[in-house]
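# Architecture at a glance
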Amino acid sequence: MSNGISFILNGEKVVSKGKSGDRLLDILRDEFNLTGTKCGCKEGECGACSVLIDGKLANSCMVALGSIVDSEVVTIEGYSRTKRFQVLSDAYAEFSAVQCGFCIPGMVLASEALLSKNPHPNESEIREGISGNLCRCTGYNAIVHAIQTASEKGAGLW
Amino acid sequence: MDSITNSIKKRDHDPKISGRAKYVDDLRFEGMLYGKILRSTIACGIIKGIHIPDLPSGYTIVDKNDVPGVNFVHVVDDDTPVFSDGTVNYVGEPILMVVGEDQKVLKQILSEIIVDYEEAEPVLDMMKSETVFYHYGYTKGNPEKAFREADKIIDETFHTGYQEHVYMEVQGMIGFYENGKSIVRGSMQCPYYVHTAVKKVMGAQTDQEVEVIQEEMGGAFGGKEDYPSILGSQVAVAAKKVGRPVKCVLEREEDIICTSKRHPATMRYRAAIKDNRVAAIQADVVYNCGAYTTLSPVVLQRGLIGATGVYTFDNIRVEGKGVKTNTTPNGAFRGFGGPQTFFAIEMFMNHLAKEVGSDPLPFKRSYLSKQGDITATNGKYHFYIPMPEMLEKILKASDYEQKYESYKRQTGRYRKGIGLSMVYHGCGFTGSGERDMIKGVVKLHKNVNNTVEILTAGTDMGQGLKTTFSKIVAKRLEIPIDQIIIRNPDTDRVPNSGPTAASRSLMVVGRLLDKAALKLKECWVDEEEQEITERYVHPDFVIPWDLNTFQGDAYPDNAWSVNVVEVEVDTLTAVSKVIGAWGVYDVGTPIDMAIIQGQMQGGFLQGIGYGSIELMDVNEKGIIRNNTLSDYIIPTAMDVPHLETDVVNFPYIEGPFGGKGAGELPAVGGAPAYVSAMESALGKNLYKTPFSQEDAMKILEEIKK
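Conventions adopted
- Residues numbered from 1 in each chain as written.
- Chains lettered and ligands numbered in written order.
- Predicted model: local features only at pLDDT ≥ 70, side-chain atom pairs only at ≥ 80, totals over all residues.
- Helix = DSSP H or I, 4+ residues; strand = E, 2+ residues; numbered from the N terminus.
- Rg over C-alpha atoms; globule rule 2.2 N^0.38 Å.
- Buried ≥ 20, exposed ≤ 12 C-beta atoms within 10 Å, placed from the backbone.
- Contact = placed C-beta atoms within 7 Å.
- Nonpolar A, V, L, I, M, F, W, Y, C, P; charged D, E, K, R; others polar.
- Core = buried A, V, L, I, M, F, W, Y, C linked by C-beta atoms within 7 Å.
- Pairing = 2+ DSSP bridges.
- Axes fitted to C-alpha atoms, helices over the stretch in contact; angles between N-to-C directions.
- pLDDT = per-residue confidence, 0-100.
- Expected span 1.5 Å × (residues − 1).
- Domains from an automatic or database assignment.

Right, let's get into the overall build of chain A. Each helix and strand in chain A was counted, giving six helices and five strands. Secondary structure of chain A in N-to-C order comes out as β-β-α-β-β-β-α-α-α-α-α. Expected size for 158 residues packed as a compact globule is a radius of gyration near 15 Å; at 15 Å, chain A falls within 12% of this value. C-alpha extents for chain A along the principal axes are approximately 50 × 30 × 20 Å. Of all 158 residues assigned to chain A, the portion counted as buried reaches 56%. Across chain A, the fraction of contacts at a sequence separation of at least 24, relative to all contacts at a separation of at least 6, is 62%.

Looking only at helices and strands, chain B features 17 helices and 26 strands. Whereas a compact globule of 705 residues would reach a radius of gyration of roughly 27 Å, chain B reaches 25 Å, a difference of no more than 12%. In chain B, buried positions account for 60% of the 705 residues. Within chain B, contacts between residues separated by at least 24 positions form 82% of all contacts whose residues are at least 6 apart in sequence.

So, on to the interface of chain B and chain A. Interfaces are often described in size by the accessible area the parts lose on coming together. Each partner contributes residues to the interface: chain B has 43 residues there, and chain A has 41 residues. For the side of chain B that touches chain A, the elements supplying multiple residues, two or more each, are helix H1 (13–17) and helix H15 (593–611) of chain B. Ranked by residues supplied to the side of chain B that touches chain A, first place goes to H15 of chain B with seven residues. Residues that form the side of chain B that touches chain A fall into these classes: 18 nonpolar, 15 polar and 10 charged.

Moving on, we come to the nonpolar core. Residues Ile143 of chain A together with Val235, Val473 and Leu513 of chain B are the most contacted members of the largest nonpolar core, which totals 262 residues. Residues within four places of Leu513 of chain B in sequence aside, it is in contact with Val442, Ile454, Phe469, Ile472, Val473 and Pro656 of chain B. If you look at the next biggest cluster of nonpolar residues, it comprises eight residues, including Ile42, Ala43, Cys44 and Val88 of chain B.

Bringing the sheet that holds strand E25 (residues 643–648) of chain B into the picture now. Backbone-to-backbone hydrogen bonds join strands into a sheet, with any given pair of strands oriented parallel or antiparallel. Residues and elements named next belong to chain B. Strand order across the open sheet formed by four strands is E18-E23-E24-E25, with mixed pairing between neighbours. Both edges of this open sheet fall to strand E18 (414–426) and E25, since each of them pairs with a single strand only. For this sheet, the mean inter-axis angle between neighbouring strands, taken without regard to orientation, is 15°. Alignment of strand E24 (residues 576–586) against E25, held across six bridges, turns out to be parallel. For Trp582, the partnering residue across the bridge sits in E25 and is Glu644.

Detailed reading of predicted coordinates is not advised where the pLDDT is low. When pLDDT is averaged across chain B, the result is 97; 100% of the residues are at 70 or more. Here the predicted complex scores 0.98 on pTM and 0.99 on ipTM.

For the rest of this paragraph, the subject is helix H3 (residues 83–94) of chain A. The end-to-end C-alpha distance of H3 of chain A is 17 Å, a good match for the 16 Å that 12 residues give at a rise of 1.5 Å each. Those residues of H3 of chain A that sit buried are Phe85, Val87, Leu88, Ser89, Ala91 and Tyr92 of chain A. Residues of H3 of chain A that are buried in the fold lie against helix H2 (76–79), helix H4 (104–117) and helix H6 (141–153) of chain A together with H1 of chain B. Directly after H3 of chain A, the chain includes Ser96 of chain A, whose backbone phi takes a positive value near 45°.

A word on the environment of Tyr404 of chain B. All names here are of chain B. By the secondary structure assignment, Tyr404 is in helix H11 (residues 400–406). Sequence separation between Tyr404 and Pro360 is 44 residues; the distance between their C-alpha atoms is 9.8 Å. When sequence neighbours within four positions are dropped, the list of residues in contact with Tyr404 reads Asp359, Ile418 and Ser680.

A separate point is the sheet that holds strand E10 (residues 152–160) of chain B. Residue and element names in this part refer to chain B. The sheet built from six strands is open, its strands ordered E9-E17-E16-E15-E10-E26 with mixed pairing. With one partner strand each, in any of the chains shown, strand E9 (132–140) and strand E26 (688–689) form the two edges of the open sheet. Note that E10 and E26 share two bridges and pair parallel. Bridging across to E26, His159 finds its partner in Lys688. Strands in contact with helix H8 (residues 338–355) are E10, strand E15 (265–274), strand E16 (277–290) and E26; relative to E10, the strand with the most contacts, it is inclined by about 145°.

Further remarks concern unusual backbone geometry. With omega at -5°, the peptide bond leading from Thr689 of chain B into Pro690 of chain B counts as cis. Of note, Lys42 of chain A is a non-glycine position whose phi angle comes to about 55°, a positive value. Unusually for a residue other than glycine, Phe657 of chain B sits at a positive phi of about 50°. You can see Phe657 of chain B is positioned in the loop between E25 and helix H16 (670–682).

With that out of the way, let us pick up the pairing of E15 of chain B. Residue and element names in this part refer to chain B. In terms of strand pairing, E10 meets E15 through nine bridges, oriented antiparallel. Within E15, the position partnered with Thr160 by the bridge is Ala265. Where E15 and E16 come together, 10 bridges link them in antiparallel fashion. Among the inter-strand pairings, Met267 is bridged to a residue of E16, identified as Val285. Counted between consecutive antiparallel strands, the loop separating E15 from E16 contains two residues, among which Asp275 sits at a positive phi close to 50°.

This part covers H15 of chain B. Along an α-helix, residues three or four apart share an orientation, since each turn contains 3.6 residues. With 19 residues, H15 of chain B extends 27 Å from end C-alpha to end C-alpha; this agrees with the ideal 27 Å at 1.5 Å per step. Where burial is concerned, most of H15 of chain B is hidden: 18 out of the 19 residues are buried.

Glancing now at the domain arrangement of chain B. Residue and element names in this part refer to chain B. On domain assignment, one finds that chain B holds domain 1 (24–121 + 165–258), domain 2 (265–430 + 551–704) and domain 3 (433–535). For domain 1 and domain 3, the distance between their C-alpha centres works out to 32 Å. For the side of domain 1 that touches domain 3, the secondary-structure elements that each account for two or more residues are helix H4 (191–201) and strand E13 (210–214). For the side of domain 1 that touches domain 3, the class distribution of residues is nine nonpolar, five polar and five charged.

All names here are of chain B. Across four bridges, the pairing between strand E19 (residues 441–446) and strand E20 (residues 452–455) is antiparallel. Opposite His445, over in E20, you have Glu453 as the bridge partner. In this antiparallel pair of consecutive strands, E19 and E20, the connection spans five residues, and Asn450 shows a positive phi of 70°. Summarising the sheet, E20 and strand E21 (residues 484–486) pair through three bridges and their orientation is parallel. Paired with Glu453 across the two strands is Ile485, which belongs to E21.

Residues and elements named next belong to chain B. By the secondary structure assignment, Cys248 is in strand E14 (residues 246–249). Judged by C-beta crowding, with 23 C-beta atoms within 10 Å, Cys248 ranks as buried. On a C-alpha basis, the gap between Cys248 and Gln214 in space is 15 Å, while along the polypeptide they are 34 residues apart. Those residues in contact with Cys248, other than ones at most four positions away along the chain, are Gly35, Ile37, Gly172, Met173, Leu231, Gln234 and Val235.

Encoded structure:
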């Protein structure tokens, strides 16, 4: 019998002290102190708490800890150590796509989820790809342009 | 393009995109407890008794009896209680706070507290309110005579609804009490507003007994102008009582229920028509303030000043009331009272055009204000108004004229429509506020290593202030931007440069920084510590403003915009979609093009949301029905797939490097452009915002009859 729920967090095997029904969001923020994952609504509407679970984008406020046993979870803290992140970050910077920044960690992971599935998306595919992530600041244009640019400049990475 | 306009990487880009930036909910301190607030579940009544369960050890109740100073939060007036004084005036009004270590236990305690109320009938309809908080009016020319001599009088009423900010980061504050000093840190636009409020609430005798620190802010849009003074006061009181730091971060639903929103408005407009020209306009405006006054007087003033829009009429009568209802107090939201009246006048002008057999654009054009014209409040438009250049750009980009003409004769299930709005936003504080109330002060502190720190109370809520302020100072000093230091403000370290509001930061505070930088440059000594202080001076050209008569220059200058929205409506289902949106803006010289574009695009989309899908209402019990992000809908990346913005560059002489107010402008014109487009598609006059799918369905059913 293991003493907790284990999963891979940003490449490392971890065991959580949380209960099976706890929100992954709370576990990440409170137990593992990964505060780059933001809480905007706790009802799966805003996408600020997006993480990658086995490469797929998920709202961590809607994920029960018990459902991710042995899965691979990537948060912005882990993703920001990658080359792909650097390409996205440079592209976001080029368009000043980061305003208040609160949606941005989730938005960057949504960008990754999109590009890893579709390395050369057109504009409407990008808009659809980030449509689960609300941004109240930018009107989305800068983010869309940043993803387009990352897709061009990061050729081969995705 | 001016070199300052060239974009640079935003100074807060790296910490924010990597998730390293700490927002208030990310902060933890030694011994920190949490606070959760018990809120009224009724809209109007008296509290007869509060039954509190036995509290576990380490849990504390904080209420009005714990307030060391006055139990009122200073905003403009002082009527907002910190905690209920025994009456409740809206659903969501704070009664008490439970403080302790475990948030789940706090929620459990809240659910077990029973409040006995003696309920009274709430006033929910602003038109039935008998409590008038504020009443203003002004006259230009002789409107009475013009109405007497009119060929006909057109009389219409317009309605605008709530708008919720939906900053992605909910409101949150942490209070501390250490060695007789109250410290408050959190998400806020205006540290010195919080400072003033907390000082009164804590009964502090000196400014040094209160310190307010801004943390990274996840959006605000006006929503964190007044409310942080309330939450900041509450956590300050709690921290003093328990002697430990107390953090209170709202839940999203709680945030929607109890924090300020854009004032709903009912606006009756009358026009005296003589020889097919508008001889006079009369506007009677009512703004729903909610239960307490908060920022309503200033919001209402701005709405009334803009009541006749971008047009010059010889005869005007404007009257406005801000009334009390038993609903959440409304406050600042990007545009600050302007979007309501600008919506009304833009729609009214569309309708008047049809009355005299014209189309909206040529009709509106013939009344456009020009440099030298007398404003509605008998001030003067001192500067060139670049509407002709802006119109030329937008008409070309959107193909408005050709489309408007062709959409007049449509048949078939899918119909297109196109609408245009022209608006302004007065830059800076209304009237003489900058001179008489704010009296902004900034400092530049040069260190021995030749770095220069910018010291202002300005907060970066995403609008890019850290970057634009740094650019202004670096450019004036001719030093690399890396040599400039700018941090989140702490009232112990920064002078009071005024609130981050009213589209004033870049134009007013940025100008002070520019002047300070010039002085520092003149006396610069390498490797020596130096400090420059710069104080606000009112521009000479301004015609003094009199609030009692509403006469004079309401603003030193305005920022202008033209907006076009194109829609397609499915006449079978009433589903409509935006197929294009174009905005052209006059914000002086852009201090950073990518930042300005981001401001314009984000604000424009908020404005289109206000006009279309952002619906909020209150049920018969006074409860907000749309209190989650599932029920209150804001635009996603798919809602306006084609949105184009552009600027014209006419430098403002009193602004830093020619820049002027920009932040609020783009949120003003979106709703009237959208609803005008719906008018064009449906072929019917429309009178309200948001104009929802259900509203379109009603119109389509009327047409079928």
